[in-house]
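Geometric and topological summary
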Amino acid sequence: MKALTHGRLRGRDGDALLFDLGTGGEPMATLRVAILEDDIGRVTLKRPDGYRLDRGWQIAPGGLEPSFEGRARDDETGFAHPATQIEEGEGVVTLRSAGLSAEVRLHPFGIDWRRAGEDTPFLRDRPTQAYLLSRKTGALTHAMARSKDDRHYGLGDKAGPLDRTGRRFAIDAVDPCGFDAELSDPLYKMLPFFIVDGAAGAHGIFYDNLAKAVVDLGCTVDNYHNLFRFYAAEDGDLDYYVLAGPTVPAVTRRFSWLTGGQAFAPRWSLGFGMTTMTIADAPDADARISAFIEDCRRHRIRCDSFHFGSGYTSINGRRYAFNWNRDKFPDPAATMQRLKEAGMQPVTNLKPCLLDDHPRLHEVQAAGGLVMDGDTGTPAIAQFWDGLGFHLDFTSPGGRAWWANGLRTALLDYGVASIWNDNNEYEIWDEDAVCEGDGRPFPQSLARPAQALLMNKLAFETQRAHAPDKRPYVITRGGGAGISRYGQTWTGDNETAWKTLRYNLAQGLNMSLSGYYSTGHDVGGFHGPVPTPELFCRFVEFCALWPRMVMNSWKDDGTVNTPWMHPEVLDEVRGAIDLRHRLIPYLYTQMWQAAKDDTPPIRPLHWDFSEDDTARRIDDAFMLGPNLLVAPVLEEGAASRTLYLPRHPGGWYDWHAGHHHEGGGFVTVAAPLGHLPVFARAGSIVPIDDGGETKIRVFASAATNGLGYLYVDDGETADWCRSGEVVTFRLRPEAGGAVLEAAFSQSLNGIVVIASGATPLRLATPGLAMQDTAR
């Protein structure tokens with residue numbers, strides 16, 4: 001590669017600046033610097049022959065949805081475009097808005113980004129060779145200076161600790177069944193977005209490039225360059241967004257806004273769900289589903305959804321999209337109805353690879369709907385579980401039409417409630433693989449995660465068209481930025497191991513910080529050994545309060561993770577699932593807030609307690625919304641849990657026992673099997689389900705104010721922005737106690753309040769009624 005060390009101001013492009021970059025001779029590229037919002041900057045690099053890929057699908061500011069054809073790379077609609085000024089000095093050109101400035105050094109070329117009123121750059125390109133570009137391939141590199149005290153978060157579902165400093169990660173995607181949650185890389189998502197938090201505050205960088213790449217966050221040390229981090233792509237375009245922060249929450253929320261936000265799923269999706277490959281793979285699968293329904297009734301386990309493994313599509317043990325095995329499922333519609341009558345919404349697994357002997361392969365080939373080998377003119381071959389196959393091309397109108405027809409006629413018309421898009425990492429390693437691109441073909445290697453994104457977009461829009469009054473709900477394993485605007489994801493096919501608990505926790509927190517707000521983990525561990533009763537119980541506890549709680553497994557000996565697999569801990573497992581259902585009104589309200597204002601329900605402690613230095617180092621607990629701290633037991637043989645309670649006026653209350661603890665220190669609490677340590681901070685207002693009735697649990701405090709919400713609707717309406725009701729609760733200290741006020745309509749027929757803690761609570765709004773004791 002060539003280091004682009006020399007820059008020359010070419011002029012303005014609207015409110016942006018253009019620079020010619022090279023090595024000192026002829027320019028090799030044009031770099032554009034723009035300020036799109038007072039807290040968002042953008043840098044794009046264009047080669048003389050243009051962009052490698054002139055469109056994208058990930059950028060959707062404020063929910064401005066791109067078409068299937070993609071959003072033109074030069075399209076900057078949806079942004080505020082604040083007024084900018086240009087200041088030229090000796091070897092320096094500065095682009096400045098009211099909130100942000102980019103100071104461009106011409107030689108050696110680099111950019112310093114500052115927030116208004118700050119002298120120190122929060123982001124500074126490496127002073128030595130910050131931009132490198134290959135003339136022989138599509139490779140490129142962007143290098144930045146870093147501080148030894150910087151902390152790094154994000155990058156989606158990557159394994160390892162919460163702070164990613166000192167690591168190097170592949171921006172790539174595979175099917176890593178039974179992955180090591182501490183060490184495995186790559187996993188399922190391709191997301192070159194990370195957050196830097198340090199002395200200059202927090203900022204984020206997102207590279208809108210869908211090609212394979214590497215992000216190095218201090219793993220590489222080179223004496224010629226001092227401390228640095230870098231992004232290096234094998235191909236594609238250098239097109240990055242700078243998110244100015246200045247806090248971690250500000251960066252995450254802005255990134256969510258930039259990429260389209262979080263879809264608001266129906267309420268039933270927050271209940272406990274069940275799936276396993278084994279049931280749908282069995283020759284008597286329909287009977288096994290009936291047995292599962294009966295087992296749930298007999299063991300008093302509430303299950304809200306049943307997720308079909310792909311075995312429902314099998315022919316002689318191989319899987320064929322949109323095929324129903326009628327030997328196993330003689331009447332799919334009747335099966336769906338039976339599940340719904342039992343209170344379980346049916347969800348079906350679907351994979352975008354068609355085996356080479358798929359009985360309907362000729363249809364999609366005739367429609368031009370497969371990713372092609374541009375060298376041979378035949379479909380690009382990829383390895384799949386059951387043999388070789390071909391991937392559907394979601395950039396092909398014919399392919400999309402064929403797939404949407406399958407969604408309608410083979411799934412939705414039978415009563416399927418949601419589509420689970422699985423195995424969509426698009427491991428096509430044919431270097432000549434080409435996407436149709438809606439009439440403008442491009443190499444598949446330039447946009448692998450776009451296929452998963454468009455797969456979800458199509459499922460979302462097909463569900464919406466099929467049931468216009470209901471909110472669509474889509475699940476995906478693969479993808480990049482933007483998949484959250486269609487639905488849910490999870491950490492993937494995890495290993496049944498104790499360390500999975502600890503590192504799935506950090507993995508899930510980083511997914512939340514990366515804009516994946518609706519996430520969770522396979523309960524009990526997907527692959528590996530059969531969990532012991534203790535590990536299984538702790539897994540259920542650990543997963544109980546994430547947005548997604550689905551028990552999923554595939555064990556070599558055919559064992560299925562079910563709530564009753566270990567009778568000796570069934571009561572404890574049932575208790576953890578019941579705790580989840582008790583907290584669904586709170587979790588549902590948090591998911592409403594995620595969709596409304598880009599706030600994640602799951603976040604690390606430092607999100608809410610950024611001034612607490614100890615909270616910054618905690619990665620073995622998490623916040624569920626602003627009020628609840630969850631500290632699952634992560635170690636074998638433990639009967640207690642030591643955890644940190646951040647500094648907070650009025651301290652904290654044990655959710656279960658009501659005991660009060662001061663904040664700002666470590667506490668050790670009893671944590672026998674079946675007991676998930678949960679703490680509410682003083683001033684918390686938490687909606688709960690108490691025997692089918694929504695009530696409000698209040699942890700009154702004379703030391704702090706409290707603010708809480710309850711979102712109420714029918715649980716599935718598409719028009720949730722207008723038809724739902726938001727109840728606002730305000731708690732404030734008064735002489736000798738605290739007072740609670742609320743604003744709500746008469747349609748709710750009053751709200752019951754459960755007072756927790758020793759502080760006397762007075763209700764100041766008609767329609768609020770006090771329950772004598774907490775239950």
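Cut-offs applied
- Residues numbered from 1 in each chain as written.
- Predicted model: local features only at pLDDT ≥ 70, side-chain atom pairs only at ≥ 80, totals over all residues.
- Heavy atoms only, no water.
- Helix = DSSP H or I, 4+ residues; strand = E, 2+ residues; numbered from the N terminus.
- Rg over C-alpha atoms; globule rule 2.2 N^0.38 Å.
- Buried < 20%, exposed > 50% of the residue type's maximum accessible area, 1.4 Å probe, protein only.
- Contact = heavy atoms within 4.5 Å.
- Areas by Shrake-Rupley, 256 points an atom, 1.4 Å probe, with all protein chains shown as cover.
- 1 Å grid on protein atoms, 1.4 Å probe; cavity = no way out; pocket = protein on both sides within 12 Å on 5 of 7 lines; lining within 4 Å.
- Points joined across faces, edges and corners; volume = space filled by probe spheres on them.
- Nonpolar A, V, L, I, M, F, W, Y, C, P; charged D, E, K, R; others polar.
- Domains from an automatic or database assignment.
- Core = buried A, V, L, I, M, F, W, Y, C linked by side-chain atoms within 4.5 Å.
- Salt bridge = Lys/Arg side-chain N within 4 Å of Asp/Glu carboxyl O.
- UniProt positions renumbered as here; feature names shortened; annotations may be inferred.
- Buried area = accessible area lost by both parts, 1.4 Å probe.
- Pairing = 2+ DSSP bridges.
- Axes fitted to C-alpha atoms, helices over the stretch in contact; angles between N-to-C directions.
- Polar contact = N/O pair within 3.5 Å; in protein donor to acceptor, adjacent residues only side chain to side chain.

1. Regarding the overall build of the chain
For the chain, the helix and strand inventory stands at 14 helices and 54 strands. For a compact globule of 775 residues, the expected C-alpha radius of gyration is about 28 Å, and the chain comes in at 26 Å, within 12% of that figure. A principal-axis box enclosing the C-alpha atoms of the chain has dimensions of 80 × 70 × 50 Å. Expressed as a percentage of the 775 residues in the chain, the buried residues total 64%. A sequence separation of at least 24 residues applies to 66% of the contacts in the chain between residues at least 6 apart. On the chain, roughly 26,600 Å² of surface is accessible, and the fraction owed to carbon and sulfur atoms is 49%.

2. Some words on the layout of surface pockets
Quantified by volume, the largest pocket comes out at close to 570 Å³. Surrounding the largest pocket, 21 residues form its lining, Gly260, Gln262, Ala263, Phe460 and Arg485 being those nearest its centre. Only α7 (448–466) and α14 (720–723) provide two or more residues apiece to the lining of the largest pocket. It is α7 that contributes the most residues to the lining of the largest pocket, 3 residues altogether. When grouped by side-chain class, the residues that make up the lining of the largest pocket number 10 nonpolar, 5 polar and 6 charged. Among the domains, domain 1 (267–348 + 400–409 + 446–596) and domain 3 (682–774) are the pair contributing at least three residues each to the lining of the largest pocket.

3. Re the nonpolar core
Core analysis: the largest hydrophobic core is formed by 141 residues, its most contacted members being Trp403, Leu411 and Trp655. Discounting chain neighbours no more than four positions away, the residues touching Trp655 are Leu579, Leu583, Leu628, Val678, Phe679, Ala680, Val686, Ile688, Arg697 and Phe699.

4. Focus on the pattern of salt bridges
Applying the stated criterion to the full structure yields 65 salt bridges. Of the charged contacts in the structure, one is a salt bridge between Lys351 and Asp422, with a shortest N-O distance of 3.3 Å. Taken as a pair, Lys351 in the loop between β26 (345–350) and β27 (353–355) and Asp422 in the loop between β32 (418–421) and β33 (433–435) lie far apart in primary sequence, 71 residues in all. Salt-bridge contacts for Asp571 lead to Arg574; the nearest nitrogen and oxygen are separated by 2.9 Å.

5. Looking at empty space enclosed by the protein
Inspection of every chain in the model, using the stated rule, returns 7 cavities of 30 Å³ or more. If you trace the largest cavity, you find 15 residues lining it, with Met277, Asn349, Trp420, Asp422 and Phe526 closest to the centre. The residue makeup of the lining of the largest cavity, split by class, is 4 nonpolar, 7 polar and 4 charged.

6. Looking at the UniProt feature "domain: Glycosyl hydrolase family 31 C-terminal" (unreviewed entry) in the chain
As recorded in UniProt, the feature "domain: Glycosyl hydrolase family 31 C-terminal" (unreviewed entry) lies at residues 599–686. Secondary structure across residues 599–686 comprises 9% helix and 35% strand; the distance between its end C-alpha atoms is 17 Å.

7. Quick word on the domain arrangement of the chain
As far as domains go, the chain holds domain 1 (267–348 + 400–409 + 446–596), domain 2 (604–680) and domain 3 (682–774). Taking the mean C-alpha position of each, domain 2 and domain 3 sit 23 Å from one another. The three residues of domain 2 that bury the most area against domain 3 are Asn627, Tyr653 and Trp655, which together make up 58% of that side's buried surface. Applying the counting rule to domain 2 against domain 3 returns 0 salt bridges. In terms of residue class, the side of domain 2 that touches domain 3 is made up of 6 nonpolar, 4 polar and no charged.

8. Comments concerning the sheet that holds strand β4 (residues 29–37)
Reading across the sheet, the 8 strands line up as β2-β3-β4-β5-β21-β18-β17-β15 and stay open at both edges, with antiparallel pairing between neighbours. Edge positions in the sheet fall to β2 (6–13) and β15 (151–154), since each has one partner strand and no second. In this sheet, adjacent strand axes meet at a mean angle of 20 degrees when their direction is disregarded. In the sheet, β15 pairs with strand β17 (residues 193–198) via 4 bridges, with the strands oriented antiparallel. Pairing of Arg151 across the sheet is with Asp197, part of β17.

9. Brief notes about unusual backbone geometry
Look at the link from Asp185 to Pro186: it is a cis peptide, with omega at 0 degrees. Structurally, Pro186 is set in the loop between β16 (168–171) and β17. Of note, the amide linkage connecting Gly245 to Pro246 takes the cis form, showing an omega dihedral of 20 degrees. Tracing the sequence through the fold places Pro246 in the loop between β21 (239–243) and α1 (248–258). Of note, the phi angle at Asn226 is positive, near 55 degrees, even though the residue is not glycine. Here Asn226 shows up in the loop between β19 (213–216) and β20 (228–233). For Tyr426, which is not glycine, the phi dihedral falls at a positive 55 degrees. Structurally, Tyr426 can be placed in the loop between β32 and β33.

10. Let's talk about the sheet that holds strand β41 (residues 628–630)
Strand order in this open sheet of 6 strands is β39-β40-β41-β46-β43-β44, and the pairing throughout is antiparallel. In this open sheet, the two strands that pair with only one neighbour each are β39 (602–603) and β44 (660–661). One ladder, built from 3 bridges, connects strand β43 (residues 652–654) with strand β46 (residues 678–681); its direction is antiparallel. Along β46, the bridge assignment pairs Tyr653 with Ala680.

11. Here we look at the pairing of β4
Counting buried positions along β4 yields 9 of 9 residues, so the element is predominantly enclosed. In the sheet, strand β3 (residues 16–22) pairs with β4 via 5 bridges, with the strands oriented antiparallel. If you follow Asp20 over to β4, its bridge partner there is Thr30. Counting the residues in the hairpin turn of β3 and β4 gives 6 residues, including Gly24, whose phi is positive at 120 degrees. As defined by bridge partners, β4 adjoins strand β5 (residues 40–46) across 7 bridges and the pair is classed as antiparallel. Along β5, the bridge assignment pairs Thr30 with Lys46. Hairpin connection of β4 to β5: 2 residues between the antiparallel strands.

12. Quick word on the pairing of β17
Among the 6 residues in β17, 6 count as buried, and that is most of the element. Residue alternation in β17 divides its side chains into two sets, Phe193, Ile195 and Asp197 and Phe194, Val196 and Gly198, and both sets are buried. Where β17 lies against strand β18 (residues 201–207), 6 bridges are found, and the strand directions are antiparallel. Within the sheet, the bridge partner assigned to Phe193 lies in β18 and is Phe206. Between β17 and β18, which pair antiparallel and follow one another directly, the connecting turn spans 2 residues.

13. Some remarks on the side chain of Asn561
Relative to the helices and strands, Asn561 is located in the loop between β38 (548–551) and α10 (570–582). Reaching out from Asn561, the side chain makes a polar contact with the backbone oxygen of Gly524 at a distance of 3.5 Å. At 3.1 Å, the side chain of Asn561 forms a polar contact with the backbone oxygen of Gly525. When residues no more than four places from it in sequence are discounted, the contact partners of Asn561 are Met274, Val523, Gly524, Gly525, Pro531, Phe536, Met551, Asn552, Ser553 and Lys555.

14. Some thoughts on the side chain of Arg603
Residue placement: Arg603 occurs in strand β39. A distance of 3.0 Å separates polar atoms of two side chains, one belonging to Arg603 and the other to Asp608. With residues up to four places along the chain from it excluded, the contact list for Arg603 reads Leu509, Asp608, Phe622, Met623, Gly625 and Pro626.

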